[in-house]
Amino acid sequence: MSARVLIIDAHSERTQPLAQALAAAGFEVAGMVTEEEDLHEAVRRLKPDAILIDADSPSRDTLEGLAVLGRRFPRPILMLAESTDTELVRDAARLGISTYAVDGISPILLRSLVEVTMAHHQNQRSLATALEDAQQALQDRKLVDRAKYRLVQEMGMSEEEAYHRLRRMAMERGMKLAELARRLLEHGAEDSK
Amino acid sequence: MSRSGAPEKKHLNIGFIALTDCASLVMASELGLFRKHGLEVELYRQPSWAAIRDRVTLGELDAAHMLYGQIYGVHLGVGGPRTAMAALMGLNHNGQSIVFSNRLREEGAVDGPSLKRLLARGERSYTFAQTFPTGTHAMWLYYWLPAAGIDPLRDLRMITVPPPQMVANMRAGNMDGYCVGEPWGGARAIAEGIGFTAATTQGIWRNHPEKVLGTTREFAERHPNTARAMIRAVLEASIYIDTPGNRDRVAEVISAERYVNAPAESIASRLRGEYEDGLGRRWRDADYMKFHDAGEVNYPYLSHGMWFLTQFRRWGLLREEVDYLAVARQVNQIELYAAVAREMGVAVPSSPLKVETLFDGITWDPAQPQRYLDQFAIKA
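Predicted, not measured: the structure shown is a model, and the values here were computed from it. (Residues numbered from 1 in each chain as written. Chains lettered and ligands numbered in written order. Predicted model: local features only at pLDDT ≥ 70, side-chain atom pairs only at ≥ 80, totals over all residues.)

A count of helical and extended segments in chain B gives 18 helices and 14 strands. Taking 380 residues into account, the globule formula puts the C-alpha radius of gyration at 21 Å, and chain B, at 20 Å, falls close to it. Principal axes of the C-alpha set define a box for chain B whose edges measure 65 × 45 × 35 Å. For chain B, the proportion of its 380 residues judged to be buried stands at 57%. (Helix = DSSP H or I, 4+ residues; strand = E, 2+ residues; numbered from the N terminus. Rg over C-alpha atoms; globule rule 2.2 N^0.38 Å. Buried ≥ 20, exposed ≤ 12 C-beta atoms within 10 Å, placed from the backbone.)

Spelled out as structure tokens, the structure:
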């Protein structure tokens, strides 16, 4: 027993890993389309049991239009009351996931579909956060290097002296080293003394 | 502050769609009217009507700019989840358009009858779009086409497209016509040279109901003071918008990127009642978009909600008979609204039912909904 899932996503780079995660969990990925494609045609052709779409996608209204056409078209899962609990749907919505499914889909499958997708998105999100942190750290180090170089140039210090001076100034002011470096570069060494 | 007491909930999130008729919510915020009545309101632009529905029913939005038909669809669970809803007040009348593509004009269709003749030739299939299956635009298009003998369910392919994407979709050649709210109707389509206005919705139904301020019934019952404060702030904004001389300022404010995100002039001209159809006809439309009209716009007439229910029946969206009047009484919060209106000296009509005649000469008498429905030959 499996469910055919259609993924509608504007960001193809994140669709592929989701498709893999779904396949690994036993779902059949019927297709991956972008919002620009003719969704009426795609849904009629691929006949998915469930559709995953970004909660903020304007194309959701197109799916709403299909949902009223008959039982063979996926509908918003909130209305499949017996199959879902509101808390799960709410949590999924917070992660930006919106799910449509046909009437009669197994509640267990549907729940598992939402959970696998949520886990995947959470994973992606923490990866994105880690990447942001790494970029910030790199940014900070560049600032400190530039401030240090400036002290070397303007005050004739050695690199090590400049670094210690920066650290002392930051400690005295209760500032982060990168923040002090940024201020020093903006206002010059005199202001920061 | 209203005499009705302090709001039970002060911090509110209100959703809207990028359309000219979100103006009273935006102006209530920009003019400080929510704050004046004890509310701290954050406005959130929403990407789709589905998002509006989900976020209002899940409680992430406390209230929203909603399509009149949509709020009834949600209340009855038509095509989507069912949640008891509350329409606090009407937000506007008029100001939507049915647009045809230039390709249709080249093929000879410029109005209903000529479209009927074109369809009869059967040269190709034709696609029309509306904004939400239970929405007002769907109902206007579904009402207007049959008057020319066109069956919207059988003679055309009907799709759903969100308002700000209509113009792009027509430019891409994905559709032959659509019904949508301004500025995405006539104004933008003409400015971009892709289509023309085949009909205005005020031409279908003079002073028709359009958007409402919607929330869930649970919210309205648990927060009556908050609901009254919202109604009061939006009523004051509506009066401001309908005061001559304020409309250019309104167009300027709502044109901002975080609101409608369209050139101010494409909003302003039709907001002032200056119309052109894109085929060379220009006119001053007395029935342009109204936000107050001495309270006629804002009073949530039960007969308006009932009309949408008759159309849901007509098009097979509502599979079982319902008590039209009883449902309208559940949704439209006439007592909440009337309390605020009386306090402000805004006229409250003596009856919540209004008899109105649409452009095809057929009279909508809310006392006879079944007889009204029986008159329509084209239906699901």
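The subject of this paragraph is the sheet that holds strand β4 (residues 75-76) of chain A. Pairing is mixed across the open sheet formed by five strands, whose spatial order is β2-β1-β3-β5-β4 (chain A). Two strands in the sheet have a free side with no partner beyond their single neighbour: β2 (28-33) and β4 of chain A. (Pairing = 2+ DSSP bridges.)

The next subject is helix α15 (residues 302-314) of chain B. Because each turn of an α-helix spans 3.6 residues, side chains separated by three or four positions in sequence point in the same direction. The end-to-end C-alpha separation of α15(B) is 19 Å, in line with the 18 Å expected for 13 residues at 1.5 Å each. Immediately beyond the C-terminal end of α15(B), within one or two residues, lies B:Gly316, with a positive phi of roughly 75°. (Expected span 1.5 Å × (residues − 1).)

A separate point is the confidence of the model for chain B. Scored by pLDDT, chain B has a mean of 95; 99% of the residues are at 70 or more. Interface confidence in the predicted complex, given as ipTM, is 0.89; pTM for the same model is 0.86. (pLDDT = per-residue confidence, 0-100.)

So, about the interface of chain A and chain B. Reports of interface size often rely on the accessible area that becomes lost once the parts have come together. Taken together, the contact pairs 18 residues of chain A with 21 residues of chain B. Within the residue set of the side of chain A that touches chain B, elements represented by two or more residues are α3 (60-67), β4 and α4 (86-94) of chain A. A breakdown of the residues in the side of chain A that touches chain B according to their chemical character gives eight nonpolar, four polar and six charged. (Contact = placed C-beta atoms within 7 Å. Nonpolar A, V, L, I, M, F, W, Y, C, P; charged D, E, K, R; others polar.)

Residues and elements named next belong to chain B. Partitioning chain B into structural domains gives domain 1 (11-93 + 209-276 + 288-369) and domain 2 (96-204). A straight line from the C-alpha centre of domain 1 to that of domain 2 covers 24 Å. Taken together, the contact pairs 32 residues of domain 1 with 23 residues of domain 2. Put simply, the parts of the chain that give the side of domain 1 that touches domain 2 at least two residues each are α4 (68-76), α14 (264-271) and α15. Ranked by the residues each element gives to the side of domain 1 that touches domain 2, the list is headed by α4, at five residues. (Domains from an automatic or database assignment.)

Turning our eyes to something else, we now look at the nonpolar core. Core analysis: the biggest nonpolar cluster contains 157 residues, and A:Val5, B:Leu88, B:Tyr178, B:Met230, B:Ile231 and B:Val234 have the highest contact counts within it. Looking at which element gives the most residues to this core, the answer is helix α12 (residues 224-241) of chain B, with ten residues. Discounting residues that sit within four places of it in the chain, B:Met230 has contacts with B:Leu39, B:Ala63, B:Leu88 and B:Leu213. Ranked by size, the runner-up nonpolar core spans ten residues in total, among them A:Ala147, A:Ala162, A:Ala170 and A:Leu180. (Core = buried A, V, L, I, M, F, W, Y, C linked by C-beta atoms within 7 Å.)

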